[in-house]
Amino acid sequence: MEKVLGFGGFFFRSEDPAALADWYKAHLGIDKVPGDYETPCWTQEAGETVFAPFEQITDYFGNREQPFMLNFRVRDLDKMVAQLRAAGIEVRPDPDSPYPNGRFAWLNDPEGNPIELWEPA
C-alpha cells in the first residue's frame, strides 16, 4: 500500500490570516507561506507525529466548538513557556507532567485556536 510521507500543510480559516501568520512567526518560529516559488517554506524537524481523531465530546481541546488542536514538538518546554510568557501569552503547563512520552503545556492563539506544546521524552 502506498502511504503518505507526512503533513504537507495545515490549512484553516482565520479572521485575519496575515496577523495570525505574523503571530505564529513571532512566537513559535513558523515561517509565513512564501509569496513565490523560489523561497523555501517552513521546514519542520523530523520526529514523531501523532494523528489522533478524538471523540466529538472531548474536553481535551478546551472549547468544544474547536474541531482541532495543534500540537507542536519543542526542544525545551521550559524555555518555550518562559519565552511565551515574556511576550504576555498565557501558557498552562501540565501539572501532572512528565509522562512516559514527555511533557506538555497548552495555550491559545489570538483567535482562540488551541495549541499543545510537547517536549518528547
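Refer to the preceding data block for the structure.
What counts, and where the lines are drawn
Residues numbered from 1 in each chain as written. Predicted model: local features only at pLDDT ≥ 70, side-chain atom pairs only at ≥ 80, totals over all residues. Heavy atoms only, no water. Helix = DSSP H or I, 4+ residues; strand = E, 2+ residues; numbered from the N terminus. Buried < 20%, exposed > 50% of the residue type's maximum accessible area, 1.4 Å probe, protein only. Contact = heavy atoms within 4.5 Å. Lys, Arg positive; Asp, Glu negative; His and termini not counted. Charge placed at Lys NZ, Arg CZ, Asp CG, Glu CD. Phe/Tyr/Trp six-rings, centres within 6.5 Å; stacked < 30°, edge-to-face > 60°. Pairing = 2+ DSSP bridges.

**Considering the overall build of the protein chain**
Thinking step 1. Scanning the protein chain from terminus to terminus reveals two helices and four strands.
Thinking step 2. For the protein chain, the sequential pattern of α-helices and β-strands runs α-β-α-β-β-β.
Thinking step 3. In the protein chain, which comprises 121 residues, the proportion classed as buried is 30%.
Thinking step 4. Expressed as a percentage of contacts within the protein chain between residues at least 6 apart in sequence, the contacts between residues at least 24 apart total 54%.
Thinking step 5. Looking at charge distribution, the protein chain has the averaged site of its 11 positive side-chain charges lying 3 Å from that of its 21 negative ones.

**Focus on the environment of Phe7**
Thinking step 1. Here Phe7 shows up in the segment before helix H1 (17–28).
Thinking step 2. Taking the C-alpha atoms as reference points, Phe7 and Pro114, separated by 107 residues in sequence, lie 19 Å from one another.

**Section: the packing of aromatic side chains**
Thinking step 1. Using the criterion set out here, one finds ten aromatic pairs in the structure.
Thinking step 2. Judged by centre distance (5.0 Å) and plane angle (80 degrees), the rings of Trp23 and Tyr24 are edge-to-face. In this pair, the class of Trp23 matches that of Tyr24, namely buried.
Thinking step 3. When the ring of Phe104 is compared with that of Trp118, the centres are 6.3 Å apart and the planes differ by 5 degrees; the resulting orientation is stacked. Of the two residues, Phe104 sits in strand E3 (residues 102–108) while Trp118 sits in strand E4 (residues 114–120), which places them 14 residues apart along the sequence.
Thinking step 4. Using a relative accessible area of 10% as the deciding quantity, one classes Phe104 as buried.
Thinking step 5. Linked through ring pairs, Phe54, Tyr60, Phe61 and Trp106 together constitute an aromatic cluster.

**Points about the sheet that holds strand E1 (residues 70–73)**
Thinking step 1. Within the open sheet, the four strands sit side by side as E1-E4-E3-E2. Their pairing is mixed. Only two strands of the sheet have a single partner each, and these edge strands are E1 and strand E2 (92–93).
Thinking step 2. Bridge count for E2 against E3 is two bridges, and the pairing is antiparallel. When the sheet's bridge partners are listed, Pro93 is paired in E3 with Ala105.

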